[in-house]
Amino acid sequence: MKLTALRYGTTHLGENWIFIDGDPKKKYRISLLFFLLEIDEKKYLVDVGCDTMPGFDLVEHTSPINVLSLLKIKGADIDGVILSHTHHDHVDGIRYYENATIYVHESEKEIVRKLAPNNNITTFSSEFKIAENVVIKHIGGHSAGSSVVEIKTDKTTFVLCGDESYHRTCFSTPNLAGGSRNRERTNYFYTEYSKPCYTTILFHDDTIVEGIGIKVLHKDN
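Residues numbered from 1 in each chain as written. Predicted model: local features only at pLDDT ≥ 70, side-chain atom pairs only at ≥ 80, totals over all residues. Heavy atoms only, no water.

Asker: Explanation requested: the overall build of the protein in the structure shown.
Answerer: Along the backbone of the protein there are 5 helices and 12 strands. For a compact globule of 221 residues, the expected C-alpha radius of gyration is about 17 Å, and the protein comes in at 16 Å, within 12% of that figure. A principal-axis box enclosing the C-alpha atoms of the protein has dimensions of 45 × 35 × 35 Å. When burial is assessed residue by residue, the protein has 53% of its 221 residues classed as buried. Considering only residue pairs separated by 6 or more positions, the protein has 60% of its internal contacts joining residues 24 or more positions apart. For the protein, the accessible area works out to roughly 10400 Å², and carbon and sulfur atoms hold 47% of it. (Helix = DSSP H or I, 4+ residues; strand = E, 2+ residues; numbered from the N terminus. Rg over C-alpha atoms; globule rule 2.2 N^0.38 Å. Buried < 20%, exposed > 50% of the residue type's maximum accessible area, 1.4 Å probe, protein only. Contact = heavy atoms within 4.5 Å. Areas by Shrake-Rupley, 256 points an atom, 1.4 Å probe, with all protein chains shown as cover.)

Asker: Hey, could you run me through helix α5 (residues 183-193) in this one?
Answerer: Helical geometry note: an α-helix holds 3.6 residues per turn, so side chains three or four residues apart project in the same direction. Of the residues making up α5, those classed as buried are Thr186, Phe189, Tyr190, Glu192 and Tyr193. Turning to α5, the residues buried within the fold contact β8 (134-138), β9 (147-152), β10 (157-160) and β11 (198-201). Its side-chain oxygen at 3.2 Å from the backbone nitrogen of Glu184, Asn182 defines the N-terminal cap of α5. (Polar contact = N/O pair within 3.5 Å; in protein donor to acceptor, adjacent residues only side chain to side chain.)

Asker: How should I be thinking about the sheet that holds strand β4 (residues 80-82) in this particular structure?
Answerer: Two orientations exist for strands paired in a sheet by backbone hydrogen bonds: parallel and antiparallel. Spatially, β6-β5-β4-β3-β2-β1-β12 is the arrangement adopted by the 7 strands of the open sheet, whose pairing is mixed. In this open sheet, the two edge strands, each paired with only one partner strand, are β6 (121-124) and β12 (213-219). Each neighbouring strand pair of the sheet contributes to a mean axis angle of 25°, computed without reference to strand direction. (Pairing = 2+ DSSP bridges. Axes fitted to C-alpha atoms, helices over the stretch in contact; angles between N-to-C directions.)

Asker: What should I look at first to understand the state of the cysteines in this one?
Answerer: In a disulfide, the sulfur atoms of two cysteines are held together by a covalent bond. A complete count under the given rule lists 0 disulfides for this structure. A disulfide-free cysteine, Cys50 has its sulfur positioned 19 Å from the sulfur of Cys161, the nearest such atom. Assessed through its relative accessible area of 0%, Cys50 is described here as buried. Cys197 forms no disulfide, and the closest cysteine sulfur to it belongs to Cys161, at a distance of 12 Å. (Disulfide = S-S within 2.5 Å.)

Asker: Looking at this structure, I do not really get the pattern of salt bridges. What am I missing?
Answerer: Between side chains of opposite charge, a pair can form when the charged atoms approach closely. Summed over the entire model, instances satisfying the criterion amount to 10 salt bridges. A salt bridge links Asp206 to Arg7; the shortest N-O distance between them is 3.2 Å. With Asp206 in the loop between β11 and β12 and Arg7 in strand β1 (residues 2-14), this pair connects stretches of sequence that are 199 residues apart. Look at Asp206 and you get partly exposed, because its relative accessible area is 29%. (Salt bridge = Lys/Arg side-chain N within 4 Å of Asp/Glu carboxyl O.)

Asker: Even after reading the chapter, I still don't get the sheet that holds β11, so can you show me in this structure?
Answerer: With mixed pairing, the 5 strands of this open sheet are ordered in space as β7-β8-β9-β10-β11. On the outer flanks of this sheet lie β7 (127-131) and β11, each paired with one strand and no other. On average, each strand axis in the sheet is inclined to that of its neighbour by 25°, with strand direction left out of account. Sheet topology note: the β9/β10 ladder contains 4 bridges and is antiparallel. In the strand pairing of β10, Glu150 is matched with Val159.

Asker: What exactly am I supposed to notice about the packing of aromatic side chains here?
Answerer: Within a pair of aromatic rings, the relevant descriptors are the distance that separates the centres and the angle that separates the planes. Under the counting rule described, the total for this entry stands at 13 aromatic pairs. Ring geometry for Tyr8 against Phe34: centres 5.9 Å apart, planes inclined by 65°, an arrangement best described as edge-to-face. Highlighted residues: Tyr8 in strand β1 and Phe34 in strand β2 (residues 27-39), separated in sequence by 26 residues. Each member of the pair Tyr8 and Phe34 is classed as buried. Both rings, one in Phe171 and one in Tyr190, keep their centres 5.0 Å apart while their planes meet at 80°; by these two values the pair is edge-to-face. Placement of Phe171 in the loop between β10 and α5 and of Tyr190 in helix α5 is noted, with a sequence separation of 19 residues between them. (Phe/Tyr/Trp six-rings, centres within 6.5 Å; stacked < 30°, edge-to-face > 60°.)

Asker: Explain unusual backbone geometry here, please?
Answerer: Of all residues except glycine, most have a negative phi; of all peptide bonds, most are trans. Positive phi outside glycine occurs at Asp21, with the angle close to 65°. Within the element layout of this structure, Asp21 appears in the loop between α1 (15-18) and β2. Of note, Glu60 is a non-glycine position whose phi angle comes to about 35°, a positive value. When you line up the elements, Glu60 lands in the loop between β3 (42-46) and α2 (64-69).

Put into structure tokens, the structure is as follows:
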């Protein structure tokens, strides 16, 4: 198994998105990331990024499909797309992957159906096993269908968090975390994934990849 982070741009987010009662005039630079998961002979993307982001200033931005091409992978090579949720910046690029099966929580299926009418769509309620050590789990804090992807390795379980958390400091001050539609589920997320057995990966973390490009986060021996 191999896990790779792909960065295709940056933007700025108001502090009020990140923290409850944050100052909307204070801006945080955030990365725009999606992830490639290679399991045996299959290739999965976790989210697909965006070509446009209405209402936000895109900085050093390129199409996510261009970053994927750095790995000499084409859209047609992708077997599956796992969606953490269906907000624009996570699903806009879905049109590049017409051969892929799309995995999404049942509450957001119709959004995907409109964007990708010809793809096979697999939905789930609470969780869905992609492979022996890869499971999608519904959280529902950030959006109705918001989910995380747990990837178990010999040393840790990586958790691809979608937008359940915008900023790492929220793990130490979860009651101040913004971006939640369901505070109970958001609190559950922080309680569960603060445990030391997990390595959390945030989709807007500005420290994971430098500049436009890729970084291998894990590769089995």
